[in-house]
Every structure is written in structure tokens, then in C-alpha cells.
Amino acid sequence: MICLGIEGTAHSIGVGLIKDVNKTCRVLINLIKTYKPEKGGIHPREAANHHAAYIADLIRDSIQKAKVDFNDIDLIAFSQGPGLGPCLRTAATAARALSLTLEKPLIGVNHCVAHLEIGRGTVKGCLDPVLLYVSGANTQVIAFAEGKYRVFGETLDVGIGNCLDKFGRAVGLEFPCGPKIEELAKNSTHYLSLPYSIKGMDIAFSGLLTAAENYAQKGKRLEDICYSMQETTFAMLTEVTERAMAHTEKQEVLLGGGVASNKRLQKMVQIMATDRGAKFFVPSRDLCVDNGAMIAWLGFLTYQSGQRMSIDESIINQRFRTDMMEVHWRG
Ligand code: ATP
Ligand code: FE2
């Protein structure tokens with residue numbers, strides 16, 4: 001079966017084509033276009049206009065580059081939520097139009113669950129992980145338990161990527177700021193004290209963000225602040241992930257989301273996993289960030305497990321929680 005997936009929850013619009021081969025996911029093509037605001041944060045409607053401008057070309061390009069025909073597509077999947085309303089609507093509209101034109105079934109999926117399933121589908125040995133999903137808007141620790149994907153811990157305010165981007169913007173770094181902060185942090189080992197904020201299994205970043213901005217205003221070395229932000233936030237994320245692993249008794253940890261490319265975060269989580277005798281996985285960068293292939297793969301799993309969706313049911317859901325998705329493809 002070949003499935004085309006459209007991702008459009010936030011600032012990226014992606015189209016991916018996947019084929020299932022012996023229950024694993026073969027990615028035929030995975031194209032992404034990212035909206036970059038000239039200044040400031042993402043404006044949802046401007047991001048949606050960007051997606052509307054590129055989606056048709058992305059679909060055409062993906063078909064051509066994957067060397068398949070429109071008739072070869074068996075299923076159309078799209079990101080139904082969570083995300084920004086105008087962006088979700090643009091992706092969903094394109095998916096509906098394609099489904100009706102090609103007369104192929106349509107299926108909407110949960111974006112966060114897709115980040116986990118693409119790991120299981122493409123990374124060898126990754127069978128039942130705890131996912132540390134760290135992106136711009138999202139920060140969640142997710143695992144499969146009692147028939148559903150459940151959130152074991154999450155941010156109470158901003159996502160880790162947004163926290164890094166907000167700090168970066170305040171000190172004049174170019175967006176996206178995460179990679180620049182990673183580079184700057186490499187030039188320091190001088191730790192400045194920052195709030196370490198874990199509440200139960202949840203995390204808060206806003207106090208730390210304010211404290212980091214205060215250090216910058218007081219003229220502390222930028223490298224030292226970046227280093228301290230990484231050490232503190234990543235330790236918080238690693239702690240919550242480890243506790244979720246202990247609670248669920250899972251022996252695998254998977255990273256997902258744009259921040260998963262950060263080498264220091266990878267190292268910290270890997271050390272924790274090794275100490276527990278657990279396995280550590282991180283998919284390639286193009287499968288970690290928001291992408292159409294992960295939507296296509298989850299669409300395939302959902303459809304193959306017997307679920308169907310009418311056009312009427314394909315309405316987007318900005319607050320589509322991870323545990324709202326029916327999971328019939330896992331035992
Ligand atoms: P979502 O809609 O799932 O929240 P997103 O649209 O914010 O995702 P992603 O592409 O998953 O997008 O992640 C982007 C974020 O990742 C940005 O906040 C960026 O600063 C951060 N990021 C990217 N590379 C790194 C890195 N090496 N270190 C830290 N942060 C990074
Ligand atoms: Fe994402």
C-alpha cells in the first residue's frame with residue numbers, strides 16, 4: 001500500500017509518500033517547506049497562506065520525485081491536530097480535495113502519535129519506546145499503556161523549542177535559535193544557576209526563560225547562559241523521561257521533534273538509557289521534524305487496522321490530545 005501524507009500543524013508544510021514493506025515503513029519521498037517569519041513569532045494566518053501557496057507544488061513534486069503515478073496512491077492521510085487552526089485547515093482542505101479527486105480514502109491522524117510511530121516504523125529495534133517529543137510548540141513524554149498512547153509528562157507553559165527561540169530572539173539570534181544556542185553552548189562549561197522546575201511529572205520553562213533573559217541584560221557571557229539553559233532544561237527533560245520509563249517498565253527511549261537533533265540532549269538521554277540498561281533511538285533529522293512521511297505512516301497503520309473516516313468526520317481539531325486517538329494497530 002502507498003500512502004500520501006500531508007503535515008501542516010504549524011510553520012512547516014510537508015508531503016510524504018510511504019510504502020509498507022513487511023510491516024516496516026519505507027519512505028519514498030519526504031518534502032518539507034518551512035515558513036520563516038521576517039521578524040517575531042509565527043503568525044498562524046501568514047503560515048497558512050505560505051502552506052496554501054506551496055502545497056500543490058509539493059504534492060506534484062513528491063509524485064514526480066518518488067517516480068510514482070497518482071493512480072498508485074491508495075490512501076491520503078493528513079495531520080488532523082493538534083496545531084494552529086488556519087494551518088491545519090489548509091492541510092486538511094488539500095487532503096480532502098486530493099481524496100475526492102483521486103477517489104481514494106481519507107484519514108486524519110494525531111500529529112504527536114505520528115512522531116512516535118515513525119520511530120517504530122523506521123528505526124530497527126525500536127518496538128515499544130517511551131518517546132521524548134521535543135519541538136517548538138510541544139514538549140511531551142509519551143508511551144503506549146493500556147490500549148492508548150498516553151502523556152506521562154509535559155510542559156505546563158511553552159515548548160522547549162519555543163523557550164530556546166524566545167531567549168534567542170531576546171538576545172538577537174536568528175530564528176530558529178535552538179541550533180545557534182547549541183553552538184554557543186559548546187564554548188562554555190561555566191554553569192549559571194537557573195530554576196529547575198519539575199512539578200509532579202510536568203515541566204515549566206517560563207521562570208527559567210525569565211532568569212536567562214535577566215542574565216543577558218546584566219551582561220553575563222552569552223555562551224555561559226546558553227550552556228546553562230541547555231544543561232538545566234535537558235536535565236529536566238531527561239529526569240521526567242527516566243521516571244516515565246521506570247513507571248511503565250519500558251526498555252527503550254526514542255527522541256522526536258526538532259530539538260531532538262541537539263547533540264547535548266541526545267548525549268544526556270543516552271547516558272540515562274545506558275545506566276538503565278535500556279536502548280536509545282533517534283531517527284534521522286528529516287523524520288524527527290514535522291514531516292509528511294510520519295503522517296502517511298500513521299495514516300497507513302490507522303487505515304490498515306480497520307478505521308475509516310468520512311469527509312464529515314475529517315474536521316480538524318486544534319486540541320487533539322495524544323490520548324484521544326483510537327489505537328487498534330497495537331496488540
Ligand atoms: P511542532 O509543531 O511539532 O511543535 P515545530 O513546528 O515547532 O513543531 P520542529 O521542526 O519539530 O517544529 O522543531 C523546531 C524547533 O526545534 C525550533 O524551536 C528550533 O529552535 C528547535 N531546534 C532545531 N534544531 C535544534 C538544535 N540543534 N538544538 C536545539 N533546538 C533545536
Ligand atoms: Fe511536531
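Here the structure is a predicted model, which means the values were calculated and not measured.

(A) View of the side chain of Gln80. Structurally, Gln80 can be placed in strand S4 (residues 75-81). A residue is classified by how much of its surface remains accessible, and Gln80, at 7% relative accessible area, is buried. Among the polar contacts listed, one links the side chain of Gln80 to the backbone oxygen of Ile315, at a separation of 2.8 Å. The contacts of Gln80, once residues within four sequence positions are left out, are Leu88, Gly108, Val109, Met309, Glu313, Ser314, Ile315, Ile316, Asn317 and Phe320.

(B) Highlighting the packing of helix H5 (residues 178-185) against helix H7 (residues 222-248). The contact between H5 and H7 brings their axes to 8 Å, and the two run at 110 degrees. For the element pair H5 / H7, the angle class is roughly perpendicular. Between H5, through Ile181, Glu182, Leu184 and Ala185, and H7, the contact on the second element is made entirely by Leu222, Glu223, Cys226, Tyr227 and Gln230.

(C) Broad picture of the environment of Thr93. Secondary-structure assignment places Thr93 in helix H2 (residues 85-102). Assessed through its relative accessible area of 46%, Thr93 is described here as partly exposed.

(D) Layout of the sheet that holds strand S5 (residues 106-110). Here we have five strands laid out as an open sheet, ordered S3-S2-S1-S4-S5, and mixed in their pairing. On the outer flanks of this sheet lie strand S3 (24-34) and S5, each paired with one strand and no other. Here the average twist between neighbouring strands, direction ignored, is 25 degrees. With five bridges joining them, S4 and S5 adopt parallel strand pairing. Looking across to S5, one finds that Phe78 is bridged to Gly108. Strands strand S1 (2-7), strand S2 (12-21), S4 and S5 of the sheet are contacted by H2, whose axis makes an angle of about 160 degrees with S4.

(E) Quick look at the domain arrangement of the protein chain. In terms of domains, the protein chain is made up of domain 1 (2-116 + 287-324) and domain 2 (128-282). Taken over C-alpha atoms, the centre of domain 1 sits 27 Å from the centre of domain 2. Across the contact, 15 residues belong to domain 1 and 20 residues belong to domain 2. Across the domain 1 to domain 2 interface the summed buried area is about 1500 Å²; carbon plus sulfur atoms make up 67%. Between the two partners, domain 1 and domain 2, sit one salt bridge. Arg321 is paired through a salt bridge with Glu154; the nearest N and O atoms lie 3.5 Å apart.

What counts and how
Residues numbered from 1 in each chain as written. Chains lettered and ligands numbered in written order. Predicted model: local features only at pLDDT ≥ 70, side-chain atom pairs only at ≥ 80, totals over all residues. Heavy atoms only, no water. Helix = DSSP H or I, 4+ residues; strand = E, 2+ residues; numbered from the N terminus. Buried < 20%, exposed > 50% of the residue type's maximum accessible area, 1.4 Å probe, protein only. Polar contact = N/O pair within 3.5 Å; in protein donor to acceptor, adjacent residues only side chain to side chain. Contact = heavy atoms within 4.5 Å. Axes fitted to C-alpha atoms, helices over the stretch in contact; angles between N-to-C directions. Parallel < 35°, antiparallel > 145°, perpendicular 65-115°, else oblique. Pairing = 2+ DSSP bridges. Domains from an automatic or database assignment. Buried area = accessible area lost by both parts, 1.4 Å probe. Salt bridge = Lys/Arg side-chain N within 4 Å of Asp/Glu carboxyl O.

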